[in-house]
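In case you want the letters, here they are:
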Amino acid sequence: MSKINSIGILTSGGDAPGMNAAIRAVTRAGIFAGFRVFGIFRGYKGLILDEIEEFSTQNVSNIIQRGGTILKTARCKEFTTPEGRQCAYDVMKRRGIDALVVIGGDGSLTGARIFGNEFSLPIIGLPGTIDNDLYGTDSTIGYDTALNTIMECVDKIRDTATSHERLFFVEVMGRDAGFLALNGALASGAEAAIIPEISMQVDQLGELIGHGFRKSKNSSIVLVAESPVTGGAMGLAQRVKEEYPDYDVRVTILGHLQRGGSPTAFDRILASRMGAAAIDALLDDQRNVMIGIRNDEIVYVPFTKAIKNEKRVNPQKLEVLRRLSI
Ligand code: ADP
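In this text, all values refer to a predicted model and were calculated from it rather than measured experimentally.

Asks: How should I be thinking about the overall build of the protein chain in this particular structure?
Replies: Helix and strand counts for the protein chain come out as 11 helices and 11 strands. In terms of overall dimensions, the protein chain is globule-like: its C-alpha atoms have a radius of gyration of 22 Å, near the 20 Å expected for 326 residues. Reported as C-alpha extents along the three principal axes, the dimensions of the protein chain are approximately 70 × 35 × 30 Å. Within the span of the protein chain, comprising 326 residues, buried residues form 53% of the whole.

Asks: Any chance you could explain the packing of aromatic side chains here in plain terms?
Replies: A ring pair, where both rings are aromatic, is described by two values, the distance of the centres and the angle of the planes. Applying the stated criterion across every chain, the model contains six aromatic pairs. Relative to Phe115, the ring of Phe79 lies with its centre 5.1 Å away and its plane at 70 degrees, an arrangement referred to as edge-to-face. A residue pair is termed long-range when its members are at least 10 positions apart, and Phe79 in the loop between strand 3 (52–55) and helix 3 (82–95) and Phe115 in helix 4 (residues 106–119) qualify at 36 residues. Owing to a relative accessible area of 3%, Phe79 belongs among the buried residues under this scheme. The class for Phe115 is buried, based on a relative accessible area of 0%.

Conventions used here
- Residues numbered from 1 in each chain as written.
- Predicted model: local features only at pLDDT ≥ 70, side-chain atom pairs only at ≥ 80, totals over all residues.
- Heavy atoms only, no water.
- Helix = DSSP H or I, 4+ residues; strand = E, 2+ residues; numbered from the N terminus.
- Rg over C-alpha atoms; globule rule 2.2 N^0.38 Å.
- Buried < 20%, exposed > 50% of the residue type's maximum accessible area, 1.4 Å probe, protein only.
- Phe/Tyr/Trp six-rings, centres within 6.5 Å; stacked < 30°, edge-to-face > 60°.

Quick look at the structure:
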């Protein structure tokens, strides 16, 4: 395998708090290892368009605490075509960039896998997504921060829900994964979580809520993962309203505020460790792997495993939520 002298780093797809901490770690650990480090702006789009700048340690000063990504992020249709990826490869060759570190979610790592195989490039992925939906890692960068944001929001919603004796459906992100909804519900003491992995009928939900009200609870909060499978908070609220007209139902969609904010200590530490591990992986001749964390240990997860496999929510948590909502 040819020696690596220069690496490129990019953030792609949905942004997540902690991406900056990861950029800082990759840059600093890379320079520490003797690599030249290039920041690639706007994900794969910037790679194709050659929006690239060499980074020194100063470029990543004072960013560990900042949400978003200083490298910006983008979605790039062209990169899904062989012609687009050829352009990206040509730019790398011209710039003398030998390897890439890609920070992103499922889609970004799928692109990384295809690109790495096509051109036999060393590519390391870091799981950067608030959804926590990548297999082989206990947590993804940004997930803990988003979870804490949800918890703080639901605490506030509970104040008004209690005052008005209302039933609130709070919609959180997680198209295909219920981690945010389920753990957000547990953390905020919500009555239920509606997640794409497990179907719950409207009458089951009505019964559960009715049970709470009969026991003199004066408000209820249900977290709903935004997904076509759950129908989202609006759809669910509408159905509950039709079947239980006595309930005073309200909906809050947390939306993009879940992506913002200063990363938690957990996410900063995770991103720092994963960023340094990406450089270790390159030094170790690894390629086409995602850095993961399991039981507090860094692991290398082949892209094929990280992307294809479905990470399952822990059914014990649903059971605890059910028992504690009486
Ligand atoms: P995320 O990484 O957050 O899941 P997306 O699914 O939007 O976000 O993917 C981000 C980018 O990754 C896409 O805009 C595209 O450039 C690239 N990508 C996604 N899927 C593929 C694919 N099958 N082939 C090549 N590139 C892909």
